[in-house]
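One letter stands for each residue in the lines below.
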Amino acid sequence: VNILDGEYMYLMVACKNRDALRKYLAQRFIFAPIHWADSKSKQSENTRSLPIEQRYDFKDMERIAQAIQEFYHRK
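Residues numbered from 1 in each chain as written. Predicted model: local features only at pLDDT ≥ 70, side-chain atom pairs only at ≥ 80, totals over all residues. Heavy atoms only, no water.

J.: Tell me about the pattern of salt bridges, and name the residues and values.
T.: Throughout the structure, instances matching the rule amount to one salt bridge. With a shortest N-O distance of 3.0 Å, Asp19 and Arg18 are connected by a salt bridge. (Salt bridge = Lys/Arg side-chain N within 4 Å of Asp/Glu carboxyl O.)

The structure is reproduced here in structure tokens:
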């Protein structure tokens with residue numbers, strides 16, 4: 001997972017297996033939308049948006065990061 005530069009309402013990341021990651025996160029009640037899904041650009045094919053806003057605290061951010069780590073390190 002690589003963090004993309006930008007000023008967004010989300011933390012934009014480039015990642016492998018974008019759609020499988022989205023499903024995995026949704027099963028854990030983490031909403032991670034796909035922005036620019038209809039643009040048919042290379043960026044939209046591997047980009048995931050992770051929520052970051054004032055309603056989430058450090059514990060929430062740790063939960064999101066842990067879920068992503070679990071996804072990529074599962075066997």
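J.: Help me get a handle on the nonpolar core, residues and values and all.
T.: With 12 residues, the main nonpolar core is built from Val13, Cys15, Leu21, Tyr24, Leu25, Ile30, Ala32, Leu50, Ile64, Ala67, Ile68 and Phe71. Those elements that place two or more of their residues in this core are α1 (18-26) and α3 (58-73). In terms of residue count, the dominant contributor to this core is α3 (four residues). Once you skip the residues sitting within four places of it in the chain, Leu25 turns out to touch Ile30, Ala32, Leu50, Ala67 and Ile68. (Core = buried A, V, L, I, M, F, W, Y, C linked by side-chain atoms within 4.5 Å. Buried < 20%, exposed > 50% of the residue type's maximum accessible area, 1.4 Å probe, protein only. Helix = DSSP H or I, 4+ residues; strand = E, 2+ residues; numbered from the N terminus. Contact = heavy atoms within 4.5 Å.)

J.: Account for the pairing of strand β3 (residues 47-51), with residues named and values stated.
T.: Of all five residues making up β3, five are buried, and the element is well covered by its neighbours. Here β3 shows no split at all, with Thr47, Ser49 and Pro51 on one side and Arg48 and Leu50 on the other all buried. Bridge count between strand β2 (residues 10-14) and β3: five bridges; the pairing is antiparallel. Directly across from Tyr10, in β3, lies its bridge partner Pro51. (Pairing = 2+ DSSP bridges.)

J.: How would you sum up the packing of α1 against α3? Please name residues and give values.
T.: As a packed pair, α1 and α3 sit with axes 10 Å apart at the nearest point and diverge in direction by 130 degrees. Taken as axis vectors, α1 and α3 run oblique relative to one another. Judged by the sense of rotation from one axis to the other, the crossing of α1 with α3 is right-handed. Note on element contacts: α3 touches α1 through Ala67, Ile68, Glu70, Phe71 and Tyr72, opposite Ala20, Leu21, Tyr24 and Leu25. For the contact of α1 with α3, the class distribution of residues is eight nonpolar, no polar and one charged. (Axes fitted to C-alpha atoms, helices over the stretch in contact; angles between N-to-C directions. Parallel < 35°, antiparallel > 145°, perpendicular 65-115°, else oblique. Left-handed = near helix turned anticlockwise from the far one by under 90°. Nonpolar A, V, L, I, M, F, W, Y, C, P; charged D, E, K, R; others polar.)

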